[in-house]
Amino acid sequence: MFEGVIPAMVTPFKEDFSVDYEGIARNLDYLEKHVNALVPAGTTGEAATLSYEEHIEVVRYVAETSKLPVIGGAGSNSTREALYLAKEVEKAGADAAMLVTPYYNKPNQEGLYQHYKTVASEVSIPIIVYNVPSRTGINTTPELVRRLAEIDNIVAIKEASGNLKQISEIIRTTPDDFALLSGDDFLTLPILCLGGTGVISVAANVAPHLMKEMYEAFKKGDMKKAVEIHHKLTPLFDVLFIDTNPIPVKKALELMGLAAGKPRLPLVELSEEKTEKVRQVLKNLELI
């Protein structure tokens, strides 16, 4: 569950911005034969604008519809709310929970430790720490990750700091059974080289087969092929962050005929100029 290619799924919406569950099923059909697990209701799934009821139901629907392991998003900047969501996604059938570091209120490292320890002590499913300083304003240091790795059911970290020295230090100093997953598509191959176990990926929504090929080439020791696919995918990695995630990936899926819908406010649809850039990259990869 904590290795390989794991898409951070979009949450498709209908025209009235209600959740498109049939669309989720269509996207699952596209993804499942290529990926190792699924992350519904994370950042890419617009968890910030899902109600609690929608959030839990999206996780439940994916868990009931797919045979793959499901890692439910469950983060909040309130420990009480994060605990509630973690318990609810566990009841909804998630095999693990992913908790983003608390945002906005900017706890110190001890506060972060107590936050995760509190949640971990009251759920039985494994927990993935999600470190993404560009969105939260705080960073989980290698020292903190080492402490968290001592807690039985905190088993992995999704690392999106972009700091390869920090990532290397976490891998070097945590137990072998503690997994580090890339949270940045572009850095997936370098992180695998450092000892990372896989990626929780935006690009895997669009090109799961290519992400799988890159990962499998690396695992087989075919670095030439892995590097070739990395370079082939780099324009996609770049264009999917031409605007705030998940705005570009939703447009890419729409262009491919998959389920997406417009993002909920305060996010807005991708501009025509940027849409053309997305379209060109998809054409070059023969995805449309």
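Throughout what follows, the structure given in this document is the object of discussion. This is a predicted model, so every value here is computed, not measured.

**Topic: the overall build of the chain**
Next up, step 1: Secondary structure assignment for the chain yields 12 helices and seven strands.
Next up, step 2: Taking 288 residues into account, the globule formula puts the C-alpha radius of gyration at 19 Å, and the chain, at 18 Å, falls close to it.
Next up, step 3: Across its three principal axes, the chain shows a C-alpha extent of roughly 45 × 45 × 35 Å.
Next up, step 4: For the chain, the proportion of its 288 residues judged to be buried stands at 54%.
Next up, step 5: The centroid of the 30 positive side-chain charges in the chain is displaced by 2 Å from the centroid of its 39 negative side-chain charges.

**Things to note about the nonpolar core**
Next up, step 1: In terms of nonpolar packing, the biggest core is built from 86 residues, with Ile154, Val206, Met211, Leu236 and Leu240 touching the most fellow members.
Next up, step 2: Beyond its immediate sequence surroundings of up to four residues, isoleucine 154 is in contact with Tyr116, Ala120, Ile127, Val129, Leu148, Ala149 and Phe178.
Next up, step 3: Formed by 18 residues, the second largest nonpolar core is a distinct cluster that contains Phe2, Met98, Ile128 and Ala160.

**Overview of the environment of glutamate 53**
Next up, step 1: With respect to the secondary-structure elements, glutamate 53 resides in helix 2 (residues 52-65).
Next up, step 2: For glutamate 53, a relative accessible area of 60% translates into the label exposed.
Next up, step 3: Sequence separation between glutamate 53 and alanine 37 is 16 residues, and the spatial gap between their C-alpha atoms is 23 Å.

**A few points about the pattern of salt bridges**
Next up, step 1: Evaluation of the coordinates by the stated rule reveals 13 salt bridges.
Next up, step 2: Residue glutamate 122 is joined to lysine 87 by a salt bridge in which the shortest nitrogen-to-oxygen separation is 3.2 Å. With glutamate 122 in the loop between helix 4 (109-120) and strand 4 (127-131) and lysine 87 in helix 3 (residues 79-91), this pair connects stretches of sequence that are 35 residues apart.
Next up, step 3: Between arginine 146 and glutamate 143 there is a salt bridge, and its shortest N-O distance comes to 3.9 Å. One end of the pair, arginine 146, and the other, glutamate 143, are both in helix 6 (residues 142-149), three residues apart, so they sit about a helical turn from each other.
Next up, step 4: On the accessibility criterion, arginine 146 (27% relative accessible area) is partly exposed.
Next up, step 5: Through salt bridges with shared partners, a single network forms among Lys251, Glu254, Lys262 and Glu269.

**With respect to helix 3**
Next up, step 1: With 13 residues, helix 3 should reach 18 Å at 1.5 Å per residue; the first-to-last C-alpha distance of 18 Å fits that figure.
Next up, step 2: Those residues of helix 3 lying buried are Ala82, Leu83, Leu85, Ala86, Glu88 and Val89.
Next up, step 3: Where helix 3 is buried, its residues touch helix 2, strand 2 (71-73), strand 3 (96-100) and helix 4.
Next up, step 4: Two residues or fewer past helix 3, glycine 93 is found with a positive phi of approximately 110°.

**Topic: the environment of proline 263**
Next up, step 1: Position of proline 263 relative to the elements: it lies in the loop between helix 11 (247-255) and helix 12 (272-284).
Next up, step 2: Using a relative accessible area of 6% as the deciding quantity, one classes proline 263 as buried.
Next up, step 3: Once you skip the residues sitting within four places of it in the chain, proline 263 turns out to touch Phe17, Glu46, Ile247, Lys250, Val268 and Glu269.

**Some details on the sheet that holds strand 7 (residues 198-201)**
Note: strands within a sheet are paired through backbone hydrogen bonds, in either parallel or antiparallel orientation.
Next up, step 1: With parallel pairing, seven strands are arranged side by side in an open sheet as 1-7-6-5-4-3-2. The two strands at the open ends of the sheet, each matched to only one other strand, are strand 1 (4-7) and strand 2. Direction aside, neighbouring strands of the sheet carry axes that sit 30° apart on average.
Next up, step 2: Alignment of strand 6 (residues 179-182) against strand 7, held across two bridges, turns out to be parallel. From the neighbouring strand, serine 182 faces strand 7, where its bridge partner is valine 199.

Rules used in this analysis
- The numbers attached to residues start from 1 for each chain and follow its sequence in the written order.
- The model is predicted, so local features are restricted to residues of pLDDT at least 70 and side-chain atom pairs to those at 80 or more, both for listing and for counting; the totals for chains, interfaces and linings are taken over all residues.
- Values reported for side chains reflect all heavy atoms of the structure, with hydrogen atoms and water molecules removed beforehand.
- Secondary structure elements follow DSSP: runs of H or I of four or more residues count as helices, runs of E of two or more count as strands, with numbering from the N terminus.
- As a reference, a globule follows 2.2 Å times the number of residues to the power 0.38, and the radius of gyration itself is taken over C-alpha atoms.
- Relative accessibility decides the category of a residue: with a 1.4 Å probe and only protein chains considered, values under 20% of the type maximum give buried, values over 50% give exposed, and everything between is partly exposed.
- For the charge count, each Lys or Arg is scored as positive and each Asp or Glu as negative, with His and the chain ends excluded.
- The location of each charge is read from NZ of Lys, CZ of Arg, CG of Asp or CD of Glu.
- What is meant by a nonpolar core is a set of buried Ala, Val, Leu, Ile, Met, Phe, Trp, Tyr and Cys residues, joined one to another through side-chain atoms within 4.5 Å.
- Here, two residues are considered to be in contact whenever any of their heavy atoms come within 4.5 Å of each other.
- Take a side-chain nitrogen of Lys or Arg and a carboxyl oxygen of Asp or Glu: if they are within 4 Å of each other, that pair is a salt bridge.
- How far a helix is expected to stretch is found by multiplying one less than its residue total by 1.5 Å.
- Strands pair, by our definition, only if DSSP identifies at least two bridges between them.
- Angles here are taken between N-to-C directions and fall from 0 to 180 degrees, while the axes themselves are lines fitted to C-alpha atoms, restricted in helices to the stretch in contact.

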